[in-house]
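Single-letter residue listing:
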Amino acid sequence: ISLFDPYVAIMDAKRFELASSDDAALVWQDGTVSVVAPEDGTYMIQIRESAYAGNANCLYRLHIGNFPRPTATIPSGGKAGEKIAVTWIGDVAGTRTTEVTLPPNPEPSFGLVAQDEQGTAPYPNLVRVSPFGNVIEVEPNDDHVRATPFTPPLALNGAIEKPGDIDHFAFTAKKGQVLDVHVFARALRSPLDSVLIIAKKGGGNLATNDDSGSPDSYLRFTAPADGEYVIAIRDQLKNGAPDYTYRIEVSPVEPKLVMSVPNEIVARGTGPIVVAVPRGNRQAILVTASRKDFGGILNIGAEGLPEGMELQGEPMAASIATFPVLLTAKADAPIGGTLATITGAPADPNVKIAPSEFQQTSELVLGQNNVPFWTRSVDRLAAAVTEEAPYSIEVVEPKVPLVRGGSMSLKVVAKRAEGFKAPIAVRLPWNPPGVNSGGGVSIAEGSDEAIIPVNADGAAPLATWKIVVNGSSTTSSGPITVSSQLAKLAIAPQFVTLAYQNAAVEQGAETDLIVKVNKAVDFPGEATVTLVGLPNKATTEVKTITKDTTDLVFHITTDKTTPVGNTANLFCQVVITRDGEPILHNLGTGALRVDAPLPPKPNAPPKPVAAAKPKASEAPPKPLSRLEKLRQEAAEKAAAGAP
């Protein structure tokens, strides 16, 4: 992808620039330029890369004509379904006003297209269609005394018409009244970089905001007392021009839910999410819920899906915002597509909110480091039933839980059509909180199954989740992605915990590492315990425990070349088998210090002979702690007369 930042200019016959544009707020990193011809004659249009770079991939489309090209409107929106008078600003031919009927439902970025007897603008001006009517600034309103009055809820519209301009609007509020104050300027392609101020009328500022998650401003205001207050707006750099337009929506706090699907173009290079479900198959997508001023479990649904397609999904837990849902197509579903909507609603019928909104952002042009240059938000999701796929996949649902700090091998099985042998890349598109899964896994060519490693951290929430696996492959008709069923994955507490006593040993010697076993959950039979992480050429045996075991002793043997130092990350892999499947715990941590042996002292007595190991029929001696061992060694030295 080439990074092409165009520059456009209109020149006269002597190649003097009459007007030029590099970046214009209306069209972001592109430019738009207009002139009224000063005289009859020849004019030239120049288009180039702004830094005089360029290559064969710097493609463009240029609109040339005598059509209207306003750069802004006042007001910058209106109430859904109403007819409003729109003043078109920024056209070289001058301002003009026309009446426009807004659509019946709210839209955050509705396109108004300017038209006159000369033609139609090639790109719309964006306005907000919302539940709020309009008030338009009345100049002069540069101070508190001359502030334009209004009564919330309402939308304030105007322009920072010249450098240094500040617009003021006055309203009355009761003590404790809470209002949301949103500025919409950059979101509507205005060059204004807003600063929002709320003050006591005739007094000092109470709240200020520059950017709030975007170049536009936002404040939640709670009136400290009954009285009059003022909303002020200016440009952050104190710039201004007639097309520095804005819309400020002032409204009471209301619960709101916005549903969306994440754009995958940056994360995985696959482009915007499009639902394309083969007949008799499935496709999972991620759904994001943005809850505002309410919480709780959500029920997820869909409207407008193609005939024969349905959505399956668990309720979305209150603690998460992104979740997979599964779209399935019947084997006899008609091939075809629609524009659908993903919906959400509180599971608790006592929580009342407005119907959810849906939006999807398509990043149409990316620059360096995948920075979006050009995006477009839409309120529908493209969904289609397609021809049958030559494969399907299934998760072998685990019979046992994944424990905190543990891991699991998740098996995925493919069912292939006759003759289809291509590899199938498999992955989890979503991991439950605290869970990680391996990537880069494929069902190999001609094979029917693969294993995806899954692990949970020590703080993973204890819950049962629904997971899904996506499988992608290249077929004779192009790349296809299908999904498994929704499978249960339970996160459970550890069945046992271990407490380690640190150990020390000289190179070439032996020592015991003592581990206390604390059972938390009963388990059947024996579990194997493997000590992992010993230094080079230090060895020990695999142990077994039962639900009644309280102590473990790992007898560690070292070599004279075992590295000297402290190994502080020893842990045990504990494998408990239930229902024929392993439950793998990774439990740590212990430490082993390896010391270089001290040189023997002159005339030192020989080392005492080590006690013989107990016979199999004898009970093993009680394991000693590190402190007990040191005391025993001191007593043996004293008995032998050692200094």
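You'll find the structure just up there.
Heads up: these notes are all about the structure in this document.

Rules used in this analysis
Residues numbered from 1 in each chain as written. Predicted model: local features only at pLDDT ≥ 70, side-chain atom pairs only at ≥ 80, totals over all residues. Heavy atoms only, no water. Patch = residues over 30% accessible without salt bridge, like charges linked within 9 Å, V, L, I, M, F, W, Y side chains within 5 Å. Areas by Shrake-Rupley, 256 points an atom, 1.4 Å probe, with all protein chains shown as cover. Salt bridge = Lys/Arg side-chain N within 4 Å of Asp/Glu carboxyl O. Helix = DSSP H or I, 4+ residues; strand = E, 2+ residues; numbered from the N terminus. Buried < 20%, exposed > 50% of the residue type's maximum accessible area, 1.4 Å probe, protein only. Pairing = 2+ DSSP bridges. Polar contact = N/O pair within 3.5 Å; in protein donor to acceptor, adjacent residues only side chain to side chain. Contact = heavy atoms within 4.5 Å. Axes fitted to C-alpha atoms, helices over the stretch in contact; angles between N-to-C directions. 1 Å grid on protein atoms, 1.4 Å probe; cavity = no way out; pocket = protein on both sides within 12 Å on 5 of 7 lines; lining within 4 Å. Points joined across faces, edges and corners; volume = space filled by probe spheres on them. Nonpolar A, V, L, I, M, F, W, Y, C, P; charged D, E, K, R; others polar.

1. Details of a nonpolar patch on the surface
Part 1: On the surface, Ile45, Tyr60, Leu62 and Ile64 cluster together into a nonpolar patch covering about 400 Å² of accessible area.
Part 2: Following the sequence through the fold, Tyr60 ends up in the loop between β3 (44–49) and β4 (72–74).

2. Examining the pairing of strand β27 (residues 322–329)
Part 1: Of all 8 residues making up β27, 7 are buried, and the element is well covered by its neighbours.
Part 2: Across 7 bridges, the pairing between strand β24 (residues 282–292) and β27 is antiparallel. Bridge assignment links Thr288 to a residue of β27, and that residue is Thr322.

3. Some remarks on the side chain of Ser217
Part 1: Positionally, Ser217 belongs in the loop between β18 (205–209) and β19 (218–222).
Part 2: Among the polar contacts made by the side chain of Ser217, one reaches the side chain of Ser194 at a distance of 2.8 Å.
Part 3: When near neighbours in sequence (up to four residues on either side) are disregarded, Ser217 contacts Val181, His182, Val183, Ser194, Val195, Leu196, Asn209, Asp210 and Ser212.

4. Points about the sheet that holds strand β8 (residues 107–112)
Part 1: Spatial strand order, β5-β11-β8: 3 strands in an open sheet with mixed pairing. Two strands lie at the open edges of the sheet, namely β5 (77–79) and β8, each paired on one side alone. Across the sheet, the mean angle separating the axes of adjacent strands is 35 degrees when strand polarity is ignored.
Part 2: Alignment of β5 against strand β11 (residues 125–130), held across 3 bridges, turns out to be parallel. Its bridge partner lying in β11, Gly77 is registered against Arg128.

5. Regarding empty space enclosed by the protein
The method is simple in principle: a probe with the dimensions of a water molecule rolls over the atoms, and the space it marks as empty is what remains.
Part 1: Under the definition given, this model contains 4 cavities of 30 Å³ or more.
Part 2: Of the voids in this model, the largest cavity is the one considered here, and its volume is about 100 Å³.
Part 3: As for the largest cavity, its lining consists of 14 residues, and the residues nearest its centre are Ala72, Thr73, Leu126, Leu188 and Thr245.
Part 4: Breaking the lining of the largest cavity down by element, the ones donating at least two residues are β4, β11 and β21 (245–252).
Part 5: Classifying every residue of the lining of the largest cavity gives 7 nonpolar, 6 polar and 1 charged.

6. Comments concerning the environment of Ala72
Part 1: Counting through the fold element by element, Ala72 comes out in strand β4.
Part 2: Residues within four places of Ala72 in sequence aside, it is in contact with Thr87, Trp88, Ile89, Asn125, Asp243 and Thr245.

Everything listed here is a matter of coordinates, which is why it stays silent on function.
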